[in-house]
Amino acid sequence: MELNSNDKGGTMTTKRQDYISWDEYFMGVAHLSGMRSKDPNTQVGACIVSKDNKILSMGYNGFPCGCSDEDFPWAREGEELQTKYPYVTHGELNAILNYRGGSLEGTKLYVSLFPCNECAKAIIQAGIKTVVYDCDKYEGTASNVAAKRMFDAAGVVYIPYSRTGRQVHIQV
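Residues numbered from 1 in each chain as written. Predicted model: local features only at pLDDT ≥ 70, side-chain atom pairs only at ≥ 80, totals over all residues. Heavy atoms only, no water.

1. Let's talk about the nonpolar core
Among the nonpolar cores identified, the biggest contains 21 residues, and I96, L109 and I128 are the most heavily contacted of them. Counting residues per element, this core draws most heavily on helix α3 (residues 117-126), at four residues. Excluding residues that lie within four positions of it along the chain, I128 makes contacts with I48, I96, L104, T107, K108, L109, I123 and V156. Ranked by size, the runner-up nonpolar core spans nine residues in total, among them V29, C47, V49 and Y110. (Core = buried A, V, L, I, M, F, W, Y, C linked by side-chain atoms within 4.5 Å. Buried < 20%, exposed > 50% of the residue type's maximum accessible area, 1.4 Å probe, protein only. Helix = DSSP H or I, 4+ residues; strand = E, 2+ residues; numbered from the N terminus. Contact = heavy atoms within 4.5 Å.)

2. Notes on unusual backbone geometry
Backbone geometry at N53 places phi at a positive 60 degrees, although glycine is not the residue there. Taking the relative accessible area as the measure of exposure, N53 reaches 28% and is therefore partly exposed.

3. Focus: the pairing of strand β4 (residues 55-60)
Strand direction decides the pairing type here: strand β3 (residues 45-49) and β4, joined by five bridges, are antiparallel. Looking at β4, one finds that V49 is bridged to I55. (Pairing = 2+ DSSP bridges.)

4. Things to note about the environment of T42
Within the secondary structure, T42 sits in the loop between α1 (22-34) and β3. Once the C-alpha coordinates of T42 and K84 are considered, the two residues, 42 residues apart in sequence, prove to be 11 Å apart.

5. Here we look at the packing of α3 against helix α4 (residues 142-154)
As a packed pair, α3 and α4 sit with axes 8 Å apart at the nearest point and diverge in direction by 20 degrees. With respect to each other, α3 and α4 are oriented roughly parallel. Crossing of α3 against α4: the hand is right-handed. Between α3, through N117, A120, K121, I123 and I124, and α4, the contact on the second element is made entirely by S143, A146, A147, M150, F151 and A154. Split by residue class, the contact of α3 with α4 holds eight nonpolar, two polar and one charged. (Axes fitted to C-alpha atoms, helices over the stretch in contact; angles between N-to-C directions. Parallel < 35°, antiparallel > 145°, perpendicular 65-115°, else oblique. Left-handed = near helix turned anticlockwise from the far one by under 90°. Nonpolar A, V, L, I, M, F, W, Y, C, P; charged D, E, K, R; others polar.)

6. Notes on helix α2 (residues 91-98)
Within the span of α2, buried status applies to G91, E92, N94, A95 and I96. Those residues of α2 that are buried lie in contact with β3, β4, β5 (108-113) and α3.

7. What about the pairing of β5?
Taken across its six residues, β5 has five buried, putting it largely inside the fold. The pairing of β5 with strand β6 (residues 130-135) spans five bridges and is parallel. Paired with K108 across the bridge in β6 is T130. With respect to chirality, the unit in which β5 leads through α3 into the neighbouring parallel β6 is right-handed. (Right-handed = clockwise from strand over helix to strand, strands pointing away.)

8. A short note on the sheet that holds β3
Backbone-to-backbone hydrogen bonds join strands into a sheet, with any given pair of strands oriented parallel or antiparallel. With mixed pairing, the five strands of this open sheet are ordered in space as β4-β3-β5-β6-β7. Every other strand in the sheet has two partners, leaving β4 and β7 (157-160) as the edge strands with one partner each. The mean inter-strand angle of the sheet, taken between neighbouring strand axes irrespective of direction, is 20 degrees. Docked against the sheet, α2 engages β3, β4 and β5, running at close to 135 degrees with respect to β4.

9. Examining the pattern of salt bridges
Scanning the entire structure with this criterion turns up ten salt bridges. Where D39 meets K84, a salt bridge forms, and the shortest distance between an N and an O atom there is 2.7 Å. Pair noted here: D39 is in the loop between α1 and β3 and K84 is in the loop between β4 and α2, with a separation of 45 residues, a long-range link. The class for K84 is buried, based on a relative accessible area of 6%. Members of the salt-bridge network, linked through shared partners, are D136, E139 and K148. (Salt bridge = Lys/Arg side-chain N within 4 Å of Asp/Glu carboxyl O.)

Keep in mind that these numbers describe shape and distance, not what the molecule does.
See the structure below:
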């Protein structure tokens, strides 16, 4: 038995059994980060974690700093320059660019959506070795196939997140 430090009487208690796992925690942080995205269609969040389970950086999809969310388009269809695609920075790339601590060599990335080929390049170049992803809704597209091909060639392991069905409620 372990001593519960919250117990003022000094009695012995056992630890809580219903705490969340590391994977649940980090994927939860990725999803929570994605909730900052102003994209009306797809909100993607990412969380980079060290080998010793420390959060190093987070990111979500949005426009670069200095590019107003009011002045750039959020459309998915139309002439290319009238859509979001040439302007939005993906959550994975934002997490990499937000990190100010040096090397990301050997780290793990939790992301709510499987990375595109462009983000895959940045992940590989940053030295991230494992990608845990929640959704692969673009599976089989050219970008998706290219990302997986590059990950395989570079030795980046990509693992689908195994949902536990646990619900976490946060009231803010």
